[in-house]
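Each chain, letter by letter, is given below.
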Amino acid sequence: MTSHTPADTFPRQYARTLRYTVGAPRSFSVASDGSRVVFLRSRSGSDRANLLWTLDTATGEQRIAADPAVLLGGGEEDLSPAEKARRERSREGSAGIVGYALDGTGRLAAFALSGRLFTADLVAGTGTELPAEGPLLDPRLSPDGAFVAYANTAGELRLTRTDGTGDRVVAQPDGPNVTWGQAEFIAQEEMGRDRGFWWSPDSDRLLVERADDSPVRRWWIADPANPGSEPAEIAYPAAGTADAEVGLWVIGLDGARVEVAWDRAAFPYLARVHWSNGGVPLLLVQARDQRSQQILGLDVATGTTEVLHEERDDAWLELFPGVPAWTPDGKLVRISDEGGVRALVVGDQSVTGADLHLRAVLAVTAEEVFFSASGGAAETDPEPGWVGVGRIGHDGKRLAWESANGRPFTSVTTVVHAAGISVRATAEPDLPGTLVKVSRDLPEGVVVDDIATIESHAEQPVITARPVFRYAGERRIPAAVFLPTGYDRERDGLLPVLMDPYGGPHGQRVVQAHNPHLNSQWFADQGFAVIVADGRGTPGRGPAWEKSIAFDFAGATLDDQVDALHGLAEEFPLDLGRVAIRGWSYGGYLSALAVLRRPDVFHAAVAGAPVTDWELYDTHYTERYLGHPADRPAVYAANSLSGYAAGLERPLMIIHGLADDNVVAAHTLRLSSALLAAGRPHTVLPLSGVTHMTPQEEVAENLLLLQVDFVKKSLGI
């Protein structure tokens, strides 16, 4: 890690370094022969422009394979609106090379810069710009390295030769709102699928998504601070309204086309596509209510599909990274909630049990499956928040843990594995940043860190997080508690409390790592006892824990914040007469909900970018948890905030970026109008030009300072 600028305050450093992610190595790949590791990293913790790097696994030598400044001739990046939107969907705040794709050998890499197409020979160390009709998106090499396929902002899928001899269209829009080769909004924002085309293992054809968002309702995002600017038009599929129409085609390099057939009326969501060597392509398609889904095998010659597995769930079915997939010998790999246990299934056999809660499949080899998991039950885990990487045989035997310190229960670890090489990234609560090591499997299966450590260029934080992990209350809610640095109970007495949750689906905050807790520690150092609690609905505790919020955001998630607070007050110096709550996105919703429904517990709130009306949020997320608004209008009314406006008795600050196209500013404006109609004073802080991520350094810094000032004044501190 690099040292920080001496004049840095935490808020400025935290904002400038994108929460200490700038300069950290990321996006690891391993060449198919294990000869090199490829990754992204910027030159320093204050330089957001990523370079492409390689590590030689024989020598441990690291070198730059592609430098954006050189390739662009020192010019500035120029991003298209489509690329900016794609980065917003993926929460990408860095610059330079933000993604790349390799050929089948891992010798050639392709990537986009300023909407232009580049390749890098990772052995020769040379970079080349290829002809392309840009601005382009998501370039991907054919496995044989002869072609790069890419989408562009005109909605086309195109193909260019890596020898620079030609560029041609593969598919072009047949309607004004049609795109080829691009993941639609819902796939990017909610399904974790950012790809829209997939190469065949033989490099002779592609699977290509065709998306038509003509049925999707149009919204306009204006910039009130600049009334001369035209509003931006977006296609936003709000709950209860139409989604984009998504199809899939097999397109040969010879121009042949076959449309893929499945029951799109019953299963309109294309959630996953997997096409590996030796296996037929796999599709995972979901019903709109996400209570049923099918894994399909595809005949690429005819476009027909066969149902390989079908699942149903009374609440909903989760989507997981890395599955479905094939083992090399043709067994289907998936993650299942059957029997109330989130288990790894290989073929017809569940190979993990109730002691583990599966998170993702990371790699499938001829003998083993690499996976990430948490504990299956709080009763058996010493502390909450660990995420370990295990490797287990296809028969469920020979389970081993990958861990930098041999303790999978006190860290957060992930692994990229191929060709006997593992890139292991481990974060621990008492060490800033993430330790990345490259190791080689020995024949007997023992892992030895015998190659290299990939150093981080991220800055050293100016403060140290000191989380104390606990299971709180009778439900044993995972929690982390932060006290001011240097706090002495006899001298300082009880502390005002700041609850700091996300508290909703897919948002685990209590993790066995250091850097994710720095923001909470800074708030604690302003004179608070800060509590982060992951109640029901958050990941990591089993299907029943996650799905207990079905049709009830406003009940379970708020109840667990209250229960965690009261449970922790039995041990920690909490002044229950001075309790505030703050959060962003779902955490903003939860914070506003807290002062509206439980003013007896919460005495002030800061709600950042809150969802206040669930009929304004998107289909795939909202309908998964609350159902369709036409079927459950009472559920939507009970879980939205405007109906509780008359009950506001406590200070409430609402913050919202006016350029937010994920949680649009209408959420805040509607709640504010309801509060005004009820005669309830409140504070609204509009942020001109700010999206959901709030990447602007000065804005992000001042937001922290303004929140502290508001909370202190509201609690009489």
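Coordinates for the structure precede this section.
In this report, we go over the structure that sits alongside the text. (Residues numbered from 1 in each chain as written. Predicted model: local features only at pLDDT ≥ 70, side-chain atom pairs only at ≥ 80, totals over all residues. Heavy atoms only, no water.)

As for the overall build of the chain
To be explicit about the condition: Working definition: helices are DSSP H or I runs of at least four residues, strands are E runs of at least two. Numbering for both runs from the N terminus. Radius of gyration: C-alpha atoms only; globule rule: 2.2 Å multiplied by the number of residues to the exponent 0.38. Three labels apply to residues, based on accessible area from a 1.4 Å probe with only protein chains included: buried if under 20% of the type maximum, exposed if over 50%, partly exposed otherwise in between. Contacts are assigned to residue pairs with any non-hydrogen atoms lying within 4.5 Å of each other. Per-residue and other accessible areas follow the Shrake-Rupley method at a 1.4 Å probe size, with only the shown protein chains counted as cover for residues. The positive count covers Lys and Arg only, the negative count covers Asp and Glu only, and His and the chain ends enter neither. A charged residue contributes its charge at one atom only: NZ of Lys, CZ of Arg, CG of Asp or CD of Glu.
Counting secondary structure elements, the chain contains 13 helices and 44 strands. A compact globule built from 717 residues would reach a C-alpha radius of gyration of about 27 Å, and the chain, at 25 Å, matches this within 12%. Counting only C-alpha atoms, the chain reaches 70 × 55 × 55 Å along its principal axes. Counting every position in the chain, which comprises 717 residues, the buried fraction comes to 57%. Taking contacts inside the chain between residues at least 6 apart in sequence as the whole, the part at least 24 apart equals 60%. Of the roughly 26,900 Å² of accessible surface on the chain, 50% is carried by carbon and sulfur atoms. Considering the chain, the positive charge centre built from 64 side chains and the negative charge centre built from 95 side chains are found 2 Å apart.

A short note on the pairing of strand β24 (residues 305-312)
The test is simple: In short, DSSP must find at least two bridges between two strands for them to pair.
The sheet contact formed by strand β23 (residues 292-298) and β24 spans 7 bridges and is antiparallel. Looking at the pairing, L298 lines up with T305 of β24.

A few points about unusual backbone geometry
Cis geometry marks the peptide bond from G134 to P135, where omega comes out at 0°. Following V323, the chain continues into P324 via a peptide bond in cis, with omega recorded as 5°. Phi is positive for R398, close to 65°, though the residue is something other than glycine. By the secondary structure assignment, R398 is in the loop between β31 (388-393) and β32 (400-402). The partly exposed category is assigned to R398, whose relative accessible area is 48%.

Some words on the environment of T413
For clarity, the cut-off: A 3.5 Å cut-off defines polar contacts: any pair of N or O atoms within that distance qualifies, except that in protein one atom must be a possible hydrogen donor and the other a possible acceptor, and neighbouring residues in sequence count only when both atoms are side-chain atoms.
With respect to the helices and strands, the residue T413 is situated in strand β33 (residues 412-418). T413 sits in the buried class, given a relative accessible area of 3%. For the pair T413 and L79, spaced 334 residues apart in the sequence, the C-alpha separation amounts to 33 Å. If we skip the residues at most four places from it in the chain, T413 touches V387, G388, V389, E402, R424, A425 and T426. Looking at T413, its side chain comes within polar contact range of the side chain of T426, at 3.3 Å.

Considering the sheet that holds strand β8 (residues 116-121)
Taken together, 4 strands build an open sheet; the order of strands is β6-β7-β8-β9 and the sheet is antiparallel. Looking at which strands have only one partner, the edges of the open sheet turn out to be β6 (101-102) and β9 (126-130).

A short note on the packing of aromatic side chains
This is how it is decided: Stacked, edge-to-face and tilted are the three classes for Phe, Tyr and Trp ring pairs, Trp counted by its six-membered ring, which pair at centre distances within 6.5 Å; planes under 30 degrees apart are stacked, over 60 edge-to-face, the rest tilted. We call a charge positioned above a ring when the Lys NZ or Arg CZ atom is no farther than 6 Å from the ring centre and deviates by at most 35 degrees from the ring normal.
Counting across every chain of the model gives 27 aromatic pairs. A centroid spacing of 6.1 Å and a plane angle of 10° characterise the contact between W614 and Y621, whose relative ring orientation is stacked. According to the relative accessible area criterion, W614 is buried, its value standing at 1%. Grouping aromatic residues by their ring pairs yields a cluster made of W316, Y502, F553, Y586, Y589, W614, Y617, Y621 and Y625. The ring centre of W180 lies 5.2 Å from the NZ or CZ of R257, which sits over that ring. Sitting above the plane of the W545 ring, R541 keeps its charged end 4.0 Å from the centroid.

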